[in-house]
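Survey of secondary and tertiary structure
In case you want the letters, here they are:
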Amino acid sequence: MQKKSGRGKQRTTKKKAATVPQDVTISAAAAAPKLQPCWYGVPLAVIAGVWCLFLLLNSSLSHSYYDDLEGTGVSGSSTSKDNNTEALEVVVGSENQNVVQEEPIRPARVVQLKTLDEYKRSVVAMKQEHSSHVNTNGFPSHVHHQNRDYSYNFADSAHGAKVVKANKDAKGAGNLLLPDKDKYLRNPCSVEEKFVVIELAEETLVDTVVIGNYEFHSSNVKQFEILGSPEVYPTDDWLPLGTFEAENVRHAQKFQLAQPKWVRCLMLRLVSHYGYEFYCTLSVFQVHGVDAIEHLLEDWMVGQEGDAAAKNSKGQQSPSGLESVLVAESEIGGVGKSSNEEEGKPTSGNTAQEGWLHVSGRPSGESVLKITMQKVRLLEISQSVRDRYLEELNAKYQQMIIELDQDLSTEQKHKSDNKKETDAEGSSSQRKRSKFSDKLDVVVMKAEVEVRIGASLKTEEEPKRVEQNGIEGKRTKDNMSNNIKKEPDVVDSQDADIQSVKSSECLEGLLSPSMRSSAGTPRDHPSFEPHPMIADAWEALRRSLVYFRAKPVGTIAAMDPTEESLNYNQVFVRDFVPSALAFLMNGEPDIVKNFLLKTLRLQSIEKRIDCFTLGEGVMPASFKVLHDPLRKTDTMIADFGESAIGRVAPVDSGFWWIILLRAYTKSTGDHSLADMADCQRGMRLILELCLSDGFDTFPTLLCADGCCMIDRRMGIYGYPIEIQSLFFMALRSAKSLLKPGEGVHLLERIDKRLHALSFHMRAYFWLDHTQLNNIYRYKTEEYSHTAVNKFNVIPDSIPNWVFDFMPIKGGYFIGNVSPARMDFRWFAIGNCMAILSSLATPEQASAIMDLFEERWEELVGEMPLKVSYPALEGNEWRIVTGCDPKNTRWSYHNAGSWPVLLWMLTAACIKTGRPQIARRAIEQIEKRLSKDGWPEYYDGKLGRYVGKQARKFQTWSIAGYLVAKMMLEDPSHLGMIGLEEDKKMTRTCLTRSASWTA
């Protein structure tokens, strides 16, 4: 049973209005007493005709009279019957007396000043008088059911919904949240109270529910009731959403709520049923609506499309001047009302709304960030409106003063011609002149105040107009709004908008840098307050540039003149990533583009180690440029692992290349590089190398020891967390860059792998206090497919340090999970990249940040950041590292402190809304890093000592600091390296075996 929408009600109203006879004119005076069938024998038609003629005559006379007075901006008032109005009197809200009989009759001048809010509304009202109405529940009428993505079911277990309670006789309540039609909820029909409570993954504006029963030989639901609660379960705050009656059919039925509600929990109460079967079953229960992001997008898009449709339907030309400014402001609800109150009709194309949607049909998180930027721009528009308002006020007062001066001269001349007046009349005139002079002083004073306010606003606006990034623009408008004291309503509304922008400084509202780049050329210098270290860091970074045929193609690893170069004079792919981000943030994308193209060219050469040929998609670990001054030629030589310590091919180089290609595209808005045939082929080669079929039973990527940043023997063989996080991020980045035409089959494989990988990592690699306790109580030798201990991990193998290290509040992804083995060590890159790629759920990302705060001394110490924790010592160090003299305890890869990791920590802090953690880390690093000569790493449990074999002037230590500073000062940079959570990723849902005991 569907309710009629607000649009249907409007059409009904219009039809009723159309039935009024055309010969009856309804005027503004229709509130007169109702006419009776006759009045002393005079026909009704005569009375009505006389009455209408009187009104028309009166209206035309009054309009013609006031039209003569409109040019000056001052409205006229009617004269008294005895013509005793004094011409020089300025009437302000009161009637006046008296008497100079020789004065020519003229209407009194009334000063009517509009407030700024009234001034805005008066202009915008003309542009919105024909737009469509908003229905009673606050939804724009054309959005209520149009363009809704009913394929997205908020009550799906895959989307995070879960059954939290049901009546005790109910069986299979969780089957309602599964797509399998062969599974169902079963209740004996004789049970009086049948209900199910479902908790959604997030607060949702529910407007439609779907139920269905596909099971034969059972009774169908007849009447049912839906209740909702905005709180998580358990709760006693239930609001009735509607009672519905279903048909006795075997297919899904859709029911629309009379009024959408924001809810987190839903209760489905089965009131009655059809038939007399023993069991009552229900196979399907779906919930449709919008989440907070999509609701915000719809509200904004409706305002834009509605005004555009109103203009087109009315055939008006585009407004100019002040009207265009106000109409632009009203499109996003900036003129005295919220975006929910905007009136509009949908356009046929809906192109603007489609622009904000993700390829999956759901809105992306970056869309909200773009709207936030639009709000900041509205503050600019509001300022221009205020300037126009002040200019118009000044013009009005100037005209008034001129007229008053003319009246004053006329009065003086009139006084000289009436010297024969009596003394009493003279004293009366003197009093009137004094009164007039006082009022004139008041008017002049008001005019001067308005002019000064306008001048002060313009004076303060110029130095504060910095480049338009989200945070600086917001602060500028906040300072400007504090200067406006005479319009409290406008100031309050602007403060509310600014507060909404402030609340989005944590990542769910950050703007992608592509928005900034499309608005203008990227800036040539950093926008943050210069620290003494920053100039030195940029100078050192530019000295590290490597040139190939006079073009910069990368940065060398280190420039330490006191040590042998070894391979530190080469350009490493992973080492160049922070340098590339620094150049992109500083508006120098050509260096990054050259690097991407040169490394892509190196990928295509033959790669051999001894007699074995590597895969075609392997990217080089590094390359160096040899200059021949005699022949004036440059030669580029690549290293694919044949020169590395462990002779291991770099698995992470290909992933970093794809991630950097996406960062370049997001920063510059230039898709031509990613769309090149060579780049498309390079991505496909990398992905086909990783997605090839084999003997793997897990979606994780099997790797050798030393295949990533930890390029020496450190016991990370198997499925290291760093590789899995980078693999996940590379898959998501490639998915957004690959052309669908040539790589459709590859995109399908990417989707399947992403879903499987996210489930596997979130389920089996995640460790918190609760999971640690579960592993501690694991049973072994479980052969069932429902086994909890799927990898047959022996609980006695849990190291003792984990129990002391794991706080009650916090968690992390452990280093490795493979058959009969769990590496419980903490690895910084894997966990930070899991946050940035959204491999970690929002809850897990928050728990990782909690771990940083709870274990600051262990993970950060005096020099951020530990690459791993804890250190391998004693016999374990000898066995795992092979007595590696460089990886001694608390040194290098064995729990050493690496300043380059600061940029990853900062990005993760911004994404999770914890910038204070990043600021604390940056303050610590600024105390020593530059003074110590920008070392590669630090040794010691707290990172107190410069590394024993650390190179000075390590390039990525320099670049990591610059990226962290720029990203913290302008969080919009996070868009080039961070990814929003994909709601379609499978949520973790473990099945317990029969032997499991909680």
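Here the structure is a predicted model, which means the values were calculated and not measured.

**A short note on the sheet that holds strand β16 (residues 571-572)**
Note: strands within a sheet are paired through backbone hydrogen bonds, in either parallel or antiparallel orientation. Taken in spatial order, the three strands of this open sheet run β16-β19-β20, and their pairing is antiparallel. The open sheet has two free edges, formed respectively by β16 and β20 (633-639), since each of these has just one partner strand.

**Remarks on the packing of aromatic side chains**
Under the counting rule described, the total for this entry stands at 27 aromatic pairs. For the pair F698 and Y719, a centre-to-centre distance of 5.9 Å together with 80° between the ring planes defines the contact as edge-to-face. Separated by 21 residues along the polypeptide, F698 in the loop between α17 (677-691) and α18 (721-737) and Y719 in the loop between α17 and α18 bring together distant segments of the chain. Geometrically, the ring pair formed by F759 and Y764 is edge-to-face, given 6.4 Å between the ring centres and 90° between the ring planes.

**So, the packing of helix α12 (residues 532-543) against helix α13 (residues 573-585)**
Viewed as axis vectors pointing N to C, α12 and α13 meet at an angle of 115°, and their least axial separation amounts to 12 Å. Note that α12 runs across α13; the crossing there is left-handed. Along its contact with α12, which presents W538, L541 and R542, the element α13 presents S579, A582 and F583.

**So, the pattern of salt bridges**
In this structure the tally under the stated criterion is 16 salt bridges. Put simply, R712 and D884 hold a salt bridge, and the shortest N to O gap is 2.8 Å. A residue pair is termed long-range when its members are at least 10 positions apart, and R712 in the loop between α17 and α18 and D884 in the loop between α25 (874-881) and α26 (902-911) qualify at 172 residues. By the burial criterion, R712 is buried, and D884 matches it. Between D932 and R928 there is a salt bridge whose closest N-O contact spans 3.1 Å. Assessed through its relative accessible area of 19%, D932 is described here as buried. When salt bridges with common partners are traced through the structure, they connect E193, E225 and R269 into a single cluster.

About the cut-offs
- Residues numbered from 1 in each chain as written.
- Predicted model: local features only at pLDDT ≥ 70, side-chain atom pairs only at ≥ 80, totals over all residues.
- Heavy atoms only, no water.
- Pairing = 2+ DSSP bridges.
- Helix = DSSP H or I, 4+ residues; strand = E, 2+ residues; numbered from the N terminus.
- Phe/Tyr/Trp six-rings, centres within 6.5 Å; stacked < 30°, edge-to-face > 60°.
- Axes fitted to C-alpha atoms, helices over the stretch in contact; angles between N-to-C directions.
- Left-handed = near helix turned anticlockwise from the far one by under 90°.
- Contact = heavy atoms within 4.5 Å.
- Salt bridge = Lys/Arg side-chain N within 4 Å of Asp/Glu carboxyl O.
- Buried < 20%, exposed > 50% of the residue type's maximum accessible area, 1.4 Å probe, protein only.

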